Amino acid sequence: MRKSLRSLVLIGFVAACGSSNTTAPRNLDNACSILDQRPSFERAMKRTERRWGVPVHVQMATIYQESKFISNARTPLRYALGVIPMGRQSSAFGYSQALDATWDEYRQDTGRRGAKRDEIDDATDFIGWYMTATRDQLGISLSDARNQYLAYHEGRGGYSRGSYRAKGWLVSVAGRVQSRANTYRQQLRSCL
């Protein structure tokens, strides 16, 4: 009896330690609901807002678009002849969908060598770091979710060249990011 109780406690402990946010919160259209379900998200985003100045609603709209708040989100696989897996479309991973090279630059720049893309604290800090540099280099306000997203998606060089202009689908997505940021901002007034 004692051995089975110990086993159950151990299994419960392992399950609790190993749990992560690999699934999206429910009701992604409600910012307050998301933060109620995942209090660690609120703490991380407020910390990023204090450190980098990127508003919580802009962070949330960006994460929604990039990963739907799924910690281990990846780009789809590419297939040759429709059936042979040929790897992922890109190295984007985690909440922020940061590419390997950009993530390495972030870790080098901030000294956060142990940062992980599937940890919300690190992902929001990355977004803050990236968007602050975008503001500094391109003059895009930290509250301008649309243009920050375009620069985030295309890279600052691509944004400067206007590469997004030839991508109607991306301009449309950036508009939705702005709209979601506006909605989240309104909702957060009642719960933050």
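In this text, all values refer to a predicted model and were calculated from it rather than measured experimentally.

Caption draft 1: Quick peek at the overall build of the protein chain. Check the secondary structure of the protein chain and you find eight helices and two strands. Mapped in sequence order, the helices and strands of the protein chain form the string α-α-α-α-β-β-α-α-α-α. Put simply, of all contacts in the protein chain between residues at least 6 apart along the chain, 52% involve residues at least 24 apart. When the accessible surface of the protein chain is summed, it comes to about 10,500 Å², and 51% of that surface belongs to carbon and sulfur atoms.

Caption draft 2: Focus on a nonpolar patch on the surface. Taken together, the side chains of Leu81, Val83 and Ile84 present a nonpolar region at the surface, about 340 Å² in accessible area. On the secondary structure map, Val83 appears in the loop between strand 1 (77-80) and strand 2 (84-88).

Caption draft 3: Just the packing of helix 7 (residues 145-161) against helix 8 (residues 168-188), in detail. Axis separation between helix 7 and helix 8 bottoms out at 8 Å; the angle between their running directions is 135°. Considering the angle they form, helix 7 stands oblique to helix 8. Handedness of the helix 7/helix 8 crossing: right-handed. Between helix 7, through Ala145, Arg146, Tyr149, Leu150, His153 and Glu154, and helix 8, the contact on the second element is made entirely by Trp169, Leu170, Val171, Val173, Ala174, Gly175, Val177, Gln178 and Ala181. Of the residues that constitute the contact of helix 7 with helix 8, the class distribution is ten nonpolar, three polar and two charged.

Caption draft 4: Structural detail: the packing of aromatic side chains. The tally for this structure, following the rule as stated, stands at twelve aromatic pairs. When the centroid spacing of 6.1 Å and the interplanar angle of 35° are considered together, the rings of Phe126 and Tyr130 count as tilted. Here Phe126 and its partner Tyr130 are both found in helix 6 (residues 120-138), four residues apart, which amounts to about one turn of the helix. An aromatic cluster is defined as three or more aromatic residues linked by ring pairs; in this entry it consists of Trp103, Tyr106, Phe126, Trp129, Tyr130 and Tyr152. In this structure, Lys68 is placed above the aromatic ring of Tyr64, and the distance from its NZ or CZ to the ring centre is 4.6 Å. Directly above the ring of Tyr64 sits Arg180, whose terminal nitrogen or CZ lies 3.4 Å from the centroid.

Caption draft 5: Spatial organisation of the layout of surface pockets. Of the pockets and cavities examined, the largest pocket occupies roughly 360 Å³. Glu66, Ala92, Gln97, Tyr152 and His153 are, among the 18 residues lining the largest pocket, the residues nearest its centre. Breaking the lining of the largest pocket down by element, the ones donating at least two residues are helix 4 (56-67), helix 6, helix 7 and helix 8. In terms of residue count, helix 7 provides more of the lining of the largest pocket than any other element does, five residues in total. By residue class, the composition of the lining of the largest pocket is nine nonpolar, seven polar and two charged.

Caption draft 6: Representation of helix 6. Along its 19 residues, helix 6 runs 26 Å from first to last C-alpha, staying within 8% of the 27 Å computed at 1.5 Å per residue. A positive phi of about 75° marks Gly139, the residue just after helix 6.

Thresholds applied
- Residues numbered from 1 in each chain as written.
- Predicted model: local features only at pLDDT ≥ 70, side-chain atom pairs only at ≥ 80, totals over all residues.
- Heavy atoms only, no water.
- Helix = DSSP H or I, 4+ residues; strand = E, 2+ residues; numbered from the N terminus.
- Contact = heavy atoms within 4.5 Å.
- Areas by Shrake-Rupley, 256 points an atom, 1.4 Å probe, with all protein chains shown as cover.
- Patch = residues over 30% accessible without salt bridge, like charges linked within 9 Å, V, L, I, M, F, W, Y side chains within 5 Å.
- Salt bridge = Lys/Arg side-chain N within 4 Å of Asp/Glu carboxyl O.
- Axes fitted to C-alpha atoms, helices over the stretch in contact; angles between N-to-C directions.
- Parallel < 35°, antiparallel > 145°, perpendicular 65-115°, else oblique.
- Left-handed = near helix turned anticlockwise from the far one by under 90°.
- Nonpolar A, V, L, I, M, F, W, Y, C, P; charged D, E, K, R; others polar.
- Phe/Tyr/Trp six-rings, centres within 6.5 Å; stacked < 30°, edge-to-face > 60°.
- Lys NZ or Arg CZ within 6 Å of the ring centre and 35° of its normal.
- 1 Å grid on protein atoms, 1.4 Å probe; cavity = no way out; pocket = protein on both sides within 12 Å on 5 of 7 lines; lining within 4 Å.
- Points joined across faces, edges and corners; volume = space filled by probe spheres on them.
- Expected span 1.5 Å × (residues − 1).

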